[in-house]
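Tertiary structure, described
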Amino acid sequence: MSSSNDIGMDALTEPYREALRRGEFVVQHCKACNRDIMYPRHLCPFCYEDDLSFTPGATTGILHSFAVHRVGSPSGFEDQLPYAVGIIKLEGDVQFLARLWPDAEGDWGQYELDGEVVFRAADADEMAERPVPWFGLPA
Amino acid sequence: MSDTEPVFIGFGEQPSGRYPNRPFMGDLVRVGAAAVKDADLTMGEIDTILLIPCLHSPADQADLVFSRVVEELGLNKKVKAQYMVHSGGSTSDNTIRTAAGLIESGQAKNVLVLQAEKWGSAPVKEMIDMLTANGIPREWEKQSGVSFNAVGALIQQRYMHESGSTPADMASVCVALRDWANLNPNAMYKDKKLTVEQVLGSKMVTDPIRAFECPMLADGACALVLTSRGNARKLGKDRVVRIAGEGGCVSHYSIGQEREVGKLGWEIAGPAAYEAAGWGPEDADIAEIYDSYAAVLTSGIEGLGLAPKGEAARMFARGEFSPGGRLPTNTNGGLLSAGHTGVGGGTALLTEGVRQLLGRAGPERQVEGATRAVCGGSGGTYMDSQVLLLEGVSA
Ligand SMILES: [Zn+2]
């Protein structure tokens, strides 16, 4: 999959992606109003200041919903099938789409909505190709 | 009601499905000519054309923007303005708002709304990739691999969790729409039956959505004509359709940012519309609400007060929204069974609402005495919830 970025976006995307490559998960934070923001924005959507930086994200979240791709995928994800994506809600009132690790059975049947999920990094190669946080069931 | 009040006075439609021999521009001018004739107008009396976008081809989209339709319809130097409104699947609602404002303010006299799409004949993989590229933040969330079916699946998973609806309940939504499509000669699935067993027996595509719960991309075309009520009377129209109320809510861009994916923005969109109309959901005779996946429709029905919270899918299973049911819903078969004509899926539902309220849906499908319709549209990743309350009245 193409990792091409839009013009001028590197300053915003690179710190986020670089953290994922290191196995860490960060969220954007506005120092002016002390709120977390996801996905990262150009101006704070709450106070419209641009005093924005990245801060370590909570590693535990709540699964709002998820979907398991079994047949058909966007181009570039064919070799990933089957795979699951979920909407994760974190403390600090942020939410985002993430990949979900398979459960102990190798499927996603043990995931429950409103249940707890934890950040568990994928390897650097995967993050270089598809920079997005991965969450799994608590150990 | 005032003479300047905007009303629908005509419509045109081409059958939805796979029609590779029907060119895009041909469909547009044919539905346009049919709608103008249906309105008892001549083409030269159209002074404003509002265009609903197509998604199958940037070249055809550019033709729309740069007034090719005006030229193809022989309206050079006759039309005052032609332009496009675009908000994906809710475009028809926003286009009608625009048309209504132009007519009410006197900026337009007779407005022709035109839509055509060639999704059914375009390369499926390309169309799916395009859909996937739209409405998903490409710097942040596209990397999750979320597909368009998955957007529907995220909504359906949450809806089922909150409502306790079973896979069979959700399948019954698709079956009800198929039963309606079987009565609609313009529907893609006009002559193919569907059962709950067939839906549940089809392969899992994106849990919890199965193959027969996904909309099929279709070609299709619709046109609508609006004018002022005073003008409609002069034209000798006895029955017209007025816009009794409208409301809306833009709830998100990315589905990952929707706080309540099982609900979307319907609860916010509805109240203002009902208040303006002076009637409520209990007074509706029919509903025509965006339905590209079952839970998109059930969340709309519930959010607009047409079913108690969490009950819509079970009510589908009991046949309450089917032909002969308590509240006939998506009487053309909806996107799921009339065909997903891109942005046009919402236009087709709206056209069906107008058709029903004019009493012109034919002996098999016409809902007897239908005078009040709740119409809803939603665009992108169900980014908005738009509602138009329509009323059939004498001119
Ligand atoms: Zn701020």
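Given the structure is predicted, the values throughout are model-derived calculations rather than measurements.

Once that is clear, we can look at the overall build of chain A. The secondary structure content of chain A amounts to two helices and eight strands. Since a compact globule built from 139 residues should have a radius of gyration of about 14 Å, the 15 Å found for chain A is in line with a globular shape. By its C-alpha atoms, chain A is 45 × 35 × 25 Å across when sized along the principal axes. Of all 139 residues assigned to chain A, the portion counted as buried reaches 47%. Within chain A, contacts between residues at least 6 apart in sequence are counted, and of these 49% link residues at least 24 apart. Accessible surface computed for chain A: about 6500 Å², of which carbon and sulfur atoms make up 48%. Of the side-chain charges in chain A, 11 are positive and 23 negative, and the distance between the mean point of each set is 2 Å.

So, about the coordination of the zinc ion. All names here are of chain A. Here the zinc ion is held by Cys-30 (SG), Cys-33 (SG), Cys-44 (SG) and Cys-47 (SG), and the distances to it run 2.2 to 2.3 Å. Coordination at the zinc ion comes from four donor atoms whose angles at the metal span 102 to 115 degrees, giving a geometry best classed as tetrahedral. All donors of the zinc ion come from a single chain, and their spacing in sequence reads C-x2-C-x10-C-x2-C. The buried category is assigned to Cys-30, whose relative accessible area is 0%. Classification of Cys-33 as partly exposed rests on a relative accessible area of 26%.

This part covers helix H1 (residues 24-38) of chain B. Helical geometry note: an α-helix holds 3.6 residues per turn, so side chains three or four residues apart project in the same direction. Residues and elements named next belong to chain B. Over its 15 residues, H1 extends 21 Å from the first C-alpha to the last, a length consistent with the 21 Å expected when each residue adds 1.5 Å. Those residues of H1 not exposed but buried are Phe-24, Met-25, Gly-26, Asp-27, Leu-28, Val-31, Gly-32, Ala-35, Val-36 and Asp-38. Of the surrounding elements, those touching the buried residues of H1 are strand S1 (6-17), helix H2 (58-65), helix H3 (68-72), strand S4 (111-118) and strand S7 (219-228). Just beyond H1, the residue with positive phi is Asp-40, at close to 65 degrees.

On to the pattern of salt bridges, then. The full count for this structure, using the stated rule, is 32 salt bridges over all chains. A salt bridge links A:Asp107 to A:Arg70; its shortest N-O distance comes to 2.9 Å. Taken together, the residues A:Asp107 in the loop between strand S6 (94-100) and strand S7 (116-119) and A:Arg70 in the loop between strand S4 (60-69) and strand S5 (83-90) connect sequence positions 37 residues apart. Through salt bridges that share partners, A:Asp114, B:Arg158, B:Glu162, B:Glu260 and B:Lys263 make up one connected network.

Below, the discussion takes up the layout of surface pockets. All names here are of chain B. Roughly 520 Å³ of internal volume is contained in the largest pocket. Contributions of two or more residues to the lining of the largest pocket are made by helix H5 (124-133), helix H6 (148-163) and strand S5 (204-207). Here the residues of the lining of the largest pocket are counted per class, giving 14 nonpolar, nine polar and three charged. Computed from the structure, the second largest pocket encloses a volume of approximately 360 Å³. Surrounding the second largest pocket, 22 residues form its lining, Gly-88, Gly-89, Asn-134, Gly-379 and Gly-380 being those nearest its centre. Within the lining of the second largest pocket, the residues separate by chemical class into 10 nonpolar, 12 polar and no charged.

The rules behind each value
Residues numbered from 1 in each chain as written. Chains lettered and ligands numbered in written order. Predicted model: local features only at pLDDT ≥ 70, side-chain atom pairs only at ≥ 80, totals over all residues. Heavy atoms only, no water. Helix = DSSP H or I, 4+ residues; strand = E, 2+ residues; numbered from the N terminus. Rg over C-alpha atoms; globule rule 2.2 N^0.38 Å. Buried < 20%, exposed > 50% of the residue type's maximum accessible area, 1.4 Å probe, protein only. Contact = heavy atoms within 4.5 Å. Areas by Shrake-Rupley, 256 points an atom, 1.4 Å probe, with all protein chains shown as cover. Lys, Arg positive; Asp, Glu negative; His and termini not counted. Charge placed at Lys NZ, Arg CZ, Asp CG, Glu CD. Donors = N, O, S within 2.8 Å, 3.2 Å for Na, K, Ca; no water. Tetrahedral: all angles 85-135°; square planar, octahedral: opposite > 155°, others 65-115°. Expected span 1.5 Å × (residues − 1). Salt bridge = Lys/Arg side-chain N within 4 Å of Asp/Glu carboxyl O. 1 Å grid on protein atoms, 1.4 Å probe; cavity = no way out; pocket = protein on both sides within 12 Å on 5 of 7 lines; lining within 4 Å. Points joined across faces, edges and corners; volume = space filled by probe spheres on them. Nonpolar A, V, L, I, M, F, W, Y, C, P; charged D, E, K, R; others polar.

By themselves, these are just geometric observations and shouldn't be taken as functional.
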